[in-house]
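Each chain, letter by letter, is given below.
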2 protein chains.
Amino acid sequence: MNQQTQKVPVPTLERMARYLACLLDLDAKSVETISSADMERYTDVNAAQFRKDLSYFGEFGRPGIGYSVPELTRRISKILKVDREQPVLLVGAGNLGSALAGYPSLSREHFRIAAVFDNNPAKIGHKLWDVDIYDISKIAEVNARSIDARLAIIAVPSAAAQQVADAVVKCGVTAILNFAPVTLRVPREVTVRNVDFVQELAVLSFHLAP
Amino acid sequence: MNQQTQKVPVPTLERMARYLACLLDLDAKSVETISSADMERYTDVNAAQFRKDLSYFGEFGRPGIGYSVPELTRRISKILKVDREQPVLLVGAGNLGSALAGYPSLSREHFRIAAVFDNNPAKIGHKLWDVDIYDISKIAEVNARSIDARLAIIAVPSAAAQQVADAVVKCGVTAILNFAPVTLRVPREVTVRNVDFVQELAVLSFHLAP
DNA sequence: TAGATTGTTAATCGATTAACAATC
DNA sequence: TAGATTGTTAATCGATTAACAATC
């Protein structure tokens, strides 16, 4: 069975992304072959889980041998669609946006911040790292012109997040990474993932001794 | 049954943190009462799920009426231990660390960045927002002196993350929020949560049309 | 009382893991 | 061949959701 006929669990996708990051490291170190037991050592993901995850997408290894690191890297990259360059719109050129745009592992996985948007006149027309900052009202125009991104990162204050989501969806974005701690309303065909580090801290806080 | 006798699923804790953020908003708007069906409208979490989640910790509502927003806020805050101020060590005063320290919702949930650490001599001795930046080698000393934090945020490059984790664990930290895309090795009693936004992007990328 | 909504049980659904035949 | 390791099935485990008696 494959991706078309069977739907892939979200936890599997999350782990696939982990495997890829790990494999890119191994590949950089010129490791050639790896077994599922080795992967467990690197990622803490159960070896059976690893093999099961891969099985949603096909066959990747050789019994008795293991997996070719370069080949597995290539094939997972393709599955996650990071074998090609993926342009990303970044909305919000504040502290967080700036940190995200400068993140080293972005380019390694073929994500490219293609344009930055902000509503602060002091920033518009300047650059964030190497990327032009445009007025938020220009999203549609800029994206249509040449970028044609379908991925957007929302790194604006909570109060503005929904409007920004509406705007990026209108210009063709179908996947949003949202850093504002609010529930975004989007059409069903748009995928949203939320990152809320205060929520993460709260979960950790629960585990503290009294 | 309660927290002592039954273990709470991690997804429940994650949602508890969401509920709290939502309730803080509602409380700020002076909403007095809310039903589980209302909560579903705000958070997209199924109403039965919401009630089930709360049931791990006791009884919170009144049949026919719903939940008192101030009371529920107070009680969830207590469960997540954010009813008191929680000091947090931030390691890494780069772009990301800076963005995190300045995050507005931190203080609302009673987290306080109590000290910042970096290995860049140009930063040590200065401040990040209002907080002193110390040399990384001083973690134990600074934390012992007065802060006594048990929560730490690691926002340093991947290559340094494990050493930093070792250092904070040694000085009494039992919960770590890790932004470096590596698997940290820590003693069993230490809780780690990872935030990896490139991984999040990769999951989104999978969902893009070919 | 009648209507609303909780807390909890039981049913469903889905994800993880162990086991093992197939195969390199 | 013997040993190692895959891919997949079946068993286990855990989380979600529907249903409903209790109760405000």
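Source: prediction; values computed, not measured.

A.B. asks: Would you mind going over the overall build of chain A with me for this structure?
C.D. replies: For chain A, the count of helices and strands is 9 helices and 9 strands. Residue burial in chain A is summarised as follows: out of 210 residues, 50% are buried. Residue pairs at least 24 apart in sequence account for 57% of intrachain contacts in chain A once pairs closer than 6 positions are excluded. On chain A, roughly 10,100 Å² of surface is accessible, and the fraction owed to carbon and sulfur atoms is 50%. Within chain A, the 23 negative side-chain charges are centred at a point lying 4 Å from the centre of the 24 positive side-chain charges.

A.B. asks: Would you take a moment to explain the pairing of strand β8 (residues 175–178) of chain A for this structure?
C.D. replies: Two faces belong to every sheet, and in a regular strand the side chains alternate between them. Residue and element names in this part refer to chain A. The alternating pattern of β8 places Ala175 and Leu177 on one face and Ile176 and Asn178 on the opposite face, and all of these are buried. Where the polypeptide runs from strand β7 (residues 151–154) across helix α8 (residues 158–170) and back to β8, its parallel neighbour, the crossover connection is right-handed. In the sheet, β8 pairs with strand β9 (residues 191–194) via 4 bridges, with the strands oriented parallel. Bridged to leucine 177 within β9 is arginine 193.

A.B. asks: Looking at this structure, how should I read the protein's contact with DNA strand C?
C.D. replies: Around DNA strand C, 25 residues are found, and the nearest of them are Arg62(A), Ser36(B), Phe60(B), Gly61(B) and Tyr67(B). A share of 68% of the atoms of DNA strand C within 4 Å of the protein falls on sugar and phosphate groups. Counting residues per element, the ones that place at least two in the surface near DNA strand C are α1 (10–28) and α3 (47–55) of chain A together with α3 (47–55) of chain B.

A.B. asks: Would you take a moment to explain the interface of chain B and chain A for this structure?
C.D. replies: Quoted interface sizes are often the accessible area lost when the parts come together. Each partner contributes residues to the interface: chain B has 58 residues there, and chain A has 58 residues. Each partner contributes to the roughly 5,600 Å² buried at the junction of chain B and chain A, and carbon and sulfur atoms together form 68% of this total. Where chain B packs against chain A, one counts 4 salt bridges. Connecting chain B to chain A are 22 residue pairs in polar contact (both at pLDDT 80 or more). Contributions of two or more residues to the side of chain B that touches chain A are made by α1 (10–28), α2 (36–43), α5 (95–101), α6 (104–108), β7 (151–154), β8 (175–178), β9 (191–194) and α9 (197–206) of chain B. Of the residues forming the side of chain B that touches chain A, the biggest block, 10 residues, is contributed by α9(B). Classifying every residue of the side of chain B that touches chain A by side-chain character gives 35 nonpolar, 12 polar and 11 charged.

A.B. asks: Please clarify how the protein's contact with DNA strand D should be interpreted in this entry.
C.D. replies: Taken together, 25 residues sit near DNA strand D, with Ser36(A), Arg51(A), Phe60(A), Gly61(A) and Arg62(B) positioned nearest. By atom count, sugar and phosphate contribute 68% of the portion of DNA strand D lying within 4 Å of the protein. Between a sugar or linking oxygen of DNA strand D and a side-chain N or O atom of Glu59(A), the distance comes to 3.3 Å. Of all the elements in the fold, those that place two or more residues in the surface near DNA strand D are α3 of chain A together with α1 and α3 of chain B. When residues of the surface near DNA strand D are assigned to their parent elements, the largest contribution, 4 residues, is made by α3(B). Counted by class, the surface near DNA strand D contains 8 nonpolar, 9 polar and 8 charged residues.

A.B. asks: Just to check I follow, could you spell out the relation of the copies chain B and chain A for this structure?
C.D. replies: Superposition of the two copies of the chain requires a rotation about an axis and a shift along the axis. Screw-axis analysis of chain B against chain A gives a translation of 0.0 Å along the axis, an RMSD of 0.0 Å, and a rotation angle of 180°. Seen this way, the second copy is the image of the first under a two-fold rotation axis. A share of 100% of the interface residues of chain B reappears at the interface of chain A, consistent with the copies meeting face to face through the same patch.

A.B. asks: Help me understand the sheet that holds strand β3 (residues 86–91) of chain A, please; the structure alone is not making it clear to me.
C.D. replies: Strands in a sheet are paired, the pairing made by backbone hydrogen bonds, and the direction either parallel or antiparallel. Spatially, the 7 strands line up as an open sheet ordered β5-β6-β4-β3-β7-β8-β9 (chain A), and their pairing is mixed. Taken across any chain shown, the strands that pair with only one partner, and hence form the sheet edges, are β5 (127–128) and β9 of chain A.

A.B. asks: Looking at this structure, I do not really get the packing of α1(B) against α3(B). What am I missing?
C.D. replies: Residues and elements named next belong to chain B. At a minimum axis distance of 10 Å, the contact between α1 and α3 shows a crossing angle of 105°. Between α1 and α3, the interaxial angle falls into the category roughly perpendicular. On the side of α1, the interface is formed by Thr12, Arg15, Met16 and Tyr19, while α3 contributes Gln49, Phe50, Asp53 and Leu54. Its residues placed into classes, the contact of α1 with α3 shows 4 nonpolar, 2 polar and 2 charged.

A.B. asks: Looking at this structure, how should I read the domain arrangement of chain A?
C.D. replies: In terms of domain boundaries, chain A breaks down into domain 1 (10–79) and domain 2 (86–199). With centres defined by C-alpha atoms, the gap from domain 1 of chain A to domain 2 of chain A works out at 30 Å.

A.B. asks: What is the right way to read the packing of aromatic side chains from this model?
C.D. replies: We describe a pair of aromatic rings using the distance from one ring centre to the other and the angle between the two ring planes. A full pass over the atoms with the stated rule returns 12 aromatic pairs over all chains. Seen from their ring centres, Phe206(A) and Phe57(B) are 6.2 Å apart, and the 80° between their planes marks the pair as edge-to-face. Taken together, the residues Phe206(A) in helix α9 (residues 197–207) and Phe57(B) in the loop between α3 and β2 (67–68) connect one chain to another. Through pairs of rings, three or more aromatic residues link up here, namely Tyr19(A), Phe50(A) and Tyr67(A). Cation over ring: Lys81(A) sits above Phe206(B), and NZ or CZ is 5.3 Å from the ring centre.

A.B. asks: I tried to follow the sheet that holds β8(B) on my own but got confused; where do I start?
C.D. replies: Residue and element names in this part refer to chain B. Within the open sheet, the 7 strands sit side by side as β5-β6-β4-β3-β7-β8-β9. Their pairing is mixed. Each having just a single partner strand, β5 (127–128) and β9 make up the two edges of the open sheet. Of the strand pairs in this sheet, β7 and β8 are connected by 4 bridges, and their pairing is parallel. Its bridge partner lying in β8, isoleucine 154 is registered against asparagine 178.

A.B. asks: Just to check I follow, could you spell out the packing of α1(B) against α2(B) for this structure?
C.D. replies: For any two helices packed against each other, one specifies the inter-axial angle together with the distance between the axes. Residues and elements named next belong to chain B. Here α1 crosses α2 at 100°, and the two axes come no closer than 11 Å. Accordingly, the angle class assigned to the pair α1 and α2 is roughly perpendicular. On α2, the residues touching Arg18, Tyr19, Cys22, Leu23 and Leu26 of α1 are Met39, Tyr42 and Thr43. Counted by class, the contact of α1 with α2 contains 6 nonpolar, 1 polar and 1 charged residues.

Calculation notes
- Residues numbered from 1 in each chain as written.
- Chains lettered and ligands numbered in written order.
- Predicted model: local features only at pLDDT ≥ 70, side-chain atom pairs only at ≥ 80, totals over all residues.
- Heavy atoms only, no water.
- Helix = DSSP H or I, 4+ residues; strand = E, 2+ residues; numbered from the N terminus.
- Buried < 20%, exposed > 50% of the residue type's maximum accessible area, 1.4 Å probe, protein only.
- Contact = heavy atoms within 4.5 Å.
- Areas by Shrake-Rupley, 256 points an atom, 1.4 Å probe, with all protein chains shown as cover.
- Lys, Arg positive; Asp, Glu negative; His and termini not counted.
- Charge placed at Lys NZ, Arg CZ, Asp CG, Glu CD.
- Right-handed = clockwise from strand over helix to strand, strands pointing away.
- Pairing = 2+ DSSP bridges.
- Near = heavy atom within 4 Å.
- Buried area = accessible area lost by both parts, 1.4 Å probe.
- Salt bridge = Lys/Arg side-chain N within 4 Å of Asp/Glu carboxyl O.
- Polar contact = N/O pair within 3.5 Å; in protein donor to acceptor, adjacent residues only side chain to side chain.
- Nonpolar A, V, L, I, M, F, W, Y, C, P; charged D, E, K, R; others polar.
- Least-squares fit on C-alpha atoms with pLDDT ≥ 70 in both.
- Axes fitted to C-alpha atoms, helices over the stretch in contact; angles between N-to-C directions.
- Parallel < 35°, antiparallel > 145°, perpendicular 65-115°, else oblique.
- Domains from an automatic or database assignment.
- Phe/Tyr/Trp six-rings, centres within 6.5 Å; stacked < 30°, edge-to-face > 60°.
- Lys NZ or Arg CZ within 6 Å of the ring centre and 35° of its normal.

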